[in-house]
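# Report on the structure
One-letter residues, chain by chain:
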Amino acid sequence: MGGAFSLGRIFGIQFRIHYSWFIIFVLITVSLSWEYFPYTYPEWSMTTYWLTGIGTSLLFFTSVVAHELAHSLVGRANGIPVKSITLFLFGGVAHMTREATRHGAEFRMALAGPVASLVIGGIFFLLHLLLQGISEPVAALAFWLAQINAVLALFNLIPGFPLDGGRVFRSLLWRFTGNYRSATRVAVEVGRGVGYLFMAGGIVLMFLYPKNWFNGLWLACIGLFLSYMATASYRQAQWQAALQGVRAADVMTTTCPVVSPDMTISRLVQDYIYLSGHRCFMVTDGGELRGILTLQNIRSVDQKSWDTTSVGDMMTPSERLKVAQPGEEVLSVLEQMEEYSISQMPVVSEGRIIGLVVRDDIVRLLYARSRLGI
Ligand SMILES: [Zn+2]
């Protein structure tokens with residue numbers, strides 16, 4: 001996810017905040033301090049409303065992170081590495097580097113989040129009971145957090161992919177039918193259906209209760225997001241299935257001619273691309289690798305400036321290159337390209353560049369495989 005910054009690591013997992021999170025943080029804090037607490041406890045002071053509101057809101061997002069952390073730690077214990085947890089507009093998301101390959105692992109990992117939310121909700125409910133006579137604001141904070149964590153657990157258990165409940169549902173279908181693909185398809189269809197239901201419900205709510213239009217709008221937005229995520233995660237699951245087991249060495253181009261950084265783009269196009277169709281070039285100067293140039297780099301220059309632009313101006317310099325191992329899975333290569341916004345990665349074996357993986361080549365492979373229905 002672009003537009004996020006890192007706050008450090010928890011249990012070795014990167015913890016990130018997306019800028020859109022600030023919107024929801026402010027919305028929740030204001031609605032607690034401005035509406036919920038003043039309405040429920042009219043006798044508190046303004047300072048108490050705001051301090052309790054901010055504290056409740058922060059603890060709410062801490063609960064969301066704990067929910068994602070539960071997924072991540074159970075996932076990791078089941079051999080699914082987790083790179084990062086990100087808080088954003090619609091809550092939290094844990095970023096796995098790949099999907100589960102066994103239904104048992106998926107089942108445990110998906111269920112871990114809602115179970116954690118229920119446990120956290122239970123703890124806050126106990127705190128609420130214990131603190132009732134001691135501090136009303138803290139007891140009220142604990143009560144709201146107990147409720148919201150229960151809601152969080154129940155909402156996530158709705159059986160539409162990619163919600164946790166949808167993943168549990170898929171793992172069960174997968175277990176009983178033995179077919180990962182059809183299980184995914186069914187869970188995704190249900191997920192899309194749930195999204196549409198939320199959208200419809202939100203719109204109805206807006207018309208029935210115009211005073212609470214915001215709640216309706218919010219519900220419709222969540223529905224839109226869910227149906228979008230269902231479609232996107234289906235596409236991703238298809239990609240992952242299509243690229244399973246493909247290694248960097250299988251898709252790399254090994255015929256990248258060596259060119260000098262001083263050569264102009266028009267010369268390069270004339271000598272190497274028009275006639276022989278080369279798509280990647282190693283730029284060396286006195287035998288030393290200076291960078292790599294691909295068609296993508298060339299495409300970003302206006303054709304009128306080809307005469308005055310040199311290969312050295314347009315190449316990706318070697319210090320900015322990320323490299324891949326020949327045995328590395330193409331899926332992981334593609335993810336790194338995504339993460340660093342690059343479109344090529346040299347494949348290095350024993351300190352020598354043996355080829356180049358270009359994003360277009362992976363896309364072409366995906367396309368060819370999907371055309372054949374593989
Ligand atoms: Zn979850």
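Rules and cut-offs
Residues numbered from 1 in each chain as written. Predicted model: local features only at pLDDT ≥ 70, side-chain atom pairs only at ≥ 80, totals over all residues. Heavy atoms only, no water. Core = buried A, V, L, I, M, F, W, Y, C linked by side-chain atoms within 4.5 Å. Buried < 20%, exposed > 50% of the residue type's maximum accessible area, 1.4 Å probe, protein only. Helix = DSSP H or I, 4+ residues; strand = E, 2+ residues; numbered from the N terminus. Contact = heavy atoms within 4.5 Å. Pairing = 2+ DSSP bridges. Donors = N, O, S within 2.8 Å, 3.2 Å for Na, K, Ca; no water. Tetrahedral: all angles 85-135°; square planar, octahedral: opposite > 155°, others 65-115°. Axes fitted to C-alpha atoms, helices over the stretch in contact; angles between N-to-C directions.

The next subject is the nonpolar core. Grouped together as the largest cluster of nonpolar side chains are 30 residues, with contacts concentrated most on Trp21, Ile28, Phe37, Phe60, Phe61 and Leu87. Mapped onto this core, the elements with two or more residues apiece are β2 (13–18), α1 (21–40), α2 (46–77), β3 (82–88), α3 (103–131) and α4 (136–156). Here this core takes seven residues from α4, the largest share from any one element. Leaving out residues up to four positions away in the same chain, Leu87 has contacts with Phe15, Arg16, Ile17, His18, Trp21, Phe61, Val64, Val65 and Gly92. Counting residues in each nonpolar core, the second largest holds 18 residues, with Ala324, Val333, Met345 and Leu366 among its members.

So, on to the sheet that holds strand β8 (residues 316–317). Across a sheet, paired strands are connected by hydrogen bonds in the backbone, their directions being either parallel or antiparallel. Taken in spatial order, the four strands make up an open sheet running β5-β6-β7-β8, and their pairing is mixed. Each edge of the open sheet is held by one strand with a lone partner, namely β5 (258–259) and β8.

Taken together, the protein donors to the zinc ion comprise His67 (NE2), His71 (NE2), Asp164 (OD) and Asp164 (OD), at separations of 2.0 to 2.6 Å. For the zinc ion, the four donor atoms in the first shell make angles of 55 to 153° at the metal, so the coordination geometry reads as irregular. Mapped onto the sequence, the donors of the zinc ion take the spacing H-x3-H-x92-D. Here the residue His71 occupies a position in helix α2, and Asp164 occupies one in helix α5 (residues 164–177), the gap between them amounting to 93 residues. Exposure remark for Asp164: the relative accessible area of 8% places this residue in the buried category.

As a further point, take the sheet that holds β3. Taken together, the four strands give an open sheet; going across it, the order is β1-β2-β3-β4, and neighbouring strands pair in mixed fashion. The strands lining the two open edges of the sheet, one partner per strand, are β1 (4–10) and β4 (91–96). For this sheet, the mean angle separating the axes of adjacent strands, direction not counted, is 25°. Judged from the five bridges that link them, β1 and β2 form a sheet pairing that is antiparallel. Paired with Ala4 across the bridge in β2 is His18. Sheet strands in contact with α1 are β1, β2 and β3, and its direction is about 70° off that of β2.

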